[in-house]
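Read off the chains here:
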Amino acid sequence: MIALCREAGLPEPDFEQRSDSFVVTLWRDWLTDEMIAGLDLNARQRETVKLLKSRSKINNTQYQKELSVAKRTASLDLNGLVSAGVIEKVGTTG
């Protein structure tokens, strides 16, 4: 099941035990091309969404290197993705 999800470009499923039941959660890719087109994202942010579908996380430094932008631009772009509900900020900064 894990291998099939990876082949399809989807996140790995979650497996958990709930009282006397075993639960498997399959995640779908809700960020379809149509959904992304409906968001007010710039080209760099759209490219980042594609990157994150395969790697699952990115930090500011990685963003700067991948997209050849300044730290401030990376921060603004990433904060915009957080505000749009596309990504979630994890950890602290500075």
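Here is a short report on the structure shown in this document.

What counts and what doesn't
- Residues numbered from 1 in each chain as written.
- Predicted model: local features only at pLDDT ≥ 70, side-chain atom pairs only at ≥ 80, totals over all residues.
- Heavy atoms only, no water.
- Pairing = 2+ DSSP bridges.
- Helix = DSSP H or I, 4+ residues; strand = E, 2+ residues; numbered from the N terminus.
- Axes fitted to C-alpha atoms, helices over the stretch in contact; angles between N-to-C directions.
- Left-handed = near helix turned anticlockwise from the far one by under 90°.
- Contact = heavy atoms within 4.5 Å.
- Nonpolar A, V, L, I, M, F, W, Y, C, P; charged D, E, K, R; others polar.
- 1 Å grid on protein atoms, 1.4 Å probe; cavity = no way out; pocket = protein on both sides within 12 Å on 5 of 7 lines; lining within 4 Å.
- Points joined across faces, edges and corners; volume = space filled by probe spheres on them.

Focus on the pairing of strand β2 (residues 21–25)
Phase 1 of the analysis: Where strand β1 (residues 14–18) lies against β2, five bridges are found, and the strand directions are antiparallel. Looking at β2, one finds that Gln-17 is bridged to Phe-22.

Some points on unusual backbone geometry
Phase 1 of the analysis: For Ser-19, which is not glycine, the phi torsion reads 45° and is therefore positive.
Phase 2 of the analysis: With respect to the helices and strands, the residue Ser-19 is situated in the loop between β1 and β2.

Remarks on the packing of helix α3 (residues 43–55) against helix α4 (residues 60–67)
Phase 1 of the analysis: As a packed pair, α3 and α4 sit with axes 12 Å apart at the nearest point and diverge in direction by 115°. Seen from above, α3 lies across α4 with right-handed handedness. Taken together, the residues of α4 that come into contact with α3 (itself represented by Arg-44, Gln-45, Glu-47, Thr-48, Leu-51 and Arg-55) are Gln-62, Tyr-63, Glu-66 and Leu-67.
Phase 2 of the analysis: For the contact of α3 with α4, the class distribution of residues is three nonpolar, three polar and four charged.

Some remarks on the layout of surface pockets
Phase 1 of the analysis: In this structure, the largest pocket spans a volume of roughly 1100 Å³.
Phase 2 of the analysis: Every residue lining the largest pocket is counted, 33 residues in all, and those nearest its centre are Leu-52, Ser-56, Lys-57, Ile-87 and Glu-88.
Phase 3 of the analysis: Elements represented by at least two residues in the lining of the largest pocket include exactly α3, α4 and α5 (71–83).
Phase 4 of the analysis: For the lining of the largest pocket, the per-class residue count stands at 13 nonpolar, 11 polar and nine charged.

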